[in-house]
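Residue strings, one per chain:
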Amino acid sequence: MSLIANLKEIRNSLPEEVTLVAVSKTKPVDDILALHQAGQLDFGENRVQELVKKQEILPDKIRWHLIGHLQKNKVKYIAGFVYMIHSVDSTALLKEINKQAEKHNRRINCLLQIRIADEDTKFGMEKEEAQEILNHCKTEYPFTNICGLMGMATFTDNQEQLRKEFRTLKLYFDYFKTYYSGMKILSMGMSGDYPIAVEEGSNLVRIGSLIFGTRT
Ligand SMILES: *Cc1c(COP(=O)(O)O)cnc(C)c1O
């Protein structure tokens, strides 16, 4: 099937209110352009250098999402254009994003990445750190717009475990919403687990291989 057919099939399988981010890491700019011309606005990358290169070449209308672990010293390269950073996994990183955003006189959309997987390899903060950030973010990080949470489930076929992890994140999301009105986006679900993530309340999925084919 063609890329565009893949995209449409996934789009059609999602409720209207769920945002689809096409994860284009390692994939060529021609593929991204084809999907963009077919109407896709949101693309996700996990490496700063690759993101910067693609952004320079591709149309300005594309909304670029940084979804992978971000080192503090690299924030400056994307602060001028990035649409949303999903992988804010520490208070120190958020501080740096705020500082670099101020230089560009813009507010950067940020999601707090929460660790929900039972794997050491997955980045993310604990709920308590997120809570602490949300209590002070309007005054301490005025050049950021913290608009939700992101989580990655364990890499497993165990549906019940996936469901449990997504459900945990949705509970945090609902709880934060009760006192922080900016809590809008719940980024969870990838190619292998997005139907469960959507059932459990995700409103943004990050899908790569089901659109572009497997990465080598
Ligand atoms: C690569 C990646 C995805 C997409 O993975 P697929 O399994 O190809 O859909 C989603 N989220 C993050 C953080 C990723 O790094």
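Just above, that's the structure.
The paragraphs below set out a description of the structure included in this document. (Residues numbered from 1 in each chain as written. Predicted model: local features only at pLDDT ≥ 70, side-chain atom pairs only at ≥ 80, totals over all residues. Heavy atoms only, no water.)

## A short note on the environment of P15
Move 1: Take P15: it is sitting in the loop between α1 (3–13) and β1 (19–23).
Move 2: Once the C-alpha coordinates of P15 and V198 are considered, the two residues, 183 residues apart in sequence, prove to be 8.5 Å apart. (Helix = DSSP H or I, 4+ residues; strand = E, 2+ residues; numbered from the N terminus.)

## What to know about the packing of α1 against helix α2 (residues 29–37)
Move 1: At a minimum axis distance of 10 Å, the contact between α1 and α2 shows a crossing angle of 50 degrees. Classified by the interaxial angle, the pair formed by α1 and α2 is oblique. Between α1 and α2 lies a crossing of right-handed hand. Note on element contacts: α2 touches α1 through D31, A34 and L35, opposite L3, I4 and L7.
Move 2: Of the residues that constitute the contact of α1 with α2, the class distribution is 5 nonpolar, no polar and 1 charged. (Axes fitted to C-alpha atoms, helices over the stretch in contact; angles between N-to-C directions. Parallel < 35°, antiparallel > 145°, perpendicular 65-115°, else oblique. Left-handed = near helix turned anticlockwise from the far one by under 90°. Contact = heavy atoms within 4.5 Å. Nonpolar A, V, L, I, M, F, W, Y, C, P; charged D, E, K, R; others polar.)

## Details of the pairing of strand β5 (residues 108–113)
Move 1: With respect to burial, β5 is a largely interior element, 6 of its 6 residues being buried.
Move 2: Burial along β5 is two-sided: the residues I108, C110 and L112 and N109, L111 and Q113 are all buried.
Move 3: In this structure, strand β4 (residues 84–88) lies alongside β5, joined through 3 bridges in parallel fashion. Within β5, the position partnered with V88 by the bridge is L112. (Buried < 20%, exposed > 50% of the residue type's maximum accessible area, 1.4 Å probe, protein only. Pairing = 2+ DSSP bridges.)

## Overview of the nonpolar core
Move 1: The biggest cluster of nonpolar side chains holds 61 residues, and the ones touching the most others in it are I78, I85, L112, I146 and L149.
Move 2: Take this core: its biggest share by element is 5 residues, from helix α7 (residues 159–177).
Move 3: Once residues within four sequence positions are removed from consideration, I78 is found in contact with V48, L51, V52, L66, L70, I85 and R106.
Move 4: In this structure, V21, L111, C147 and I185 belong to the second largest nonpolar core, which totals 7 residues. (Core = buried A, V, L, I, M, F, W, Y, C linked by side-chain atoms within 4.5 Å.)

## A closer look at the site of the ligand
Move 1: In the vicinity of the ligand, the residues found are V23, K25, I67, M152, M190, S191, R206, I207, G208, S209 and R215.
Move 2: One of the backbone nitrogen or oxygen atoms of S209 is found 2.8 Å away from an oxygen atom of the ligand.
Move 3: Between an oxygen atom of the ligand and a side-chain N or O atom of R215, the distance comes to 2.8 Å.
Move 4: Relative to its unbound accessible area of 390 Å², the ligand is 91% covered by the protein chains. (Near = heavy atom within 4 Å. Polar contact = N/O pair within 3.5 Å; in protein donor to acceptor, adjacent residues only side chain to side chain. Areas by Shrake-Rupley, 256 points an atom, 1.4 Å probe, with all protein chains shown as cover.)

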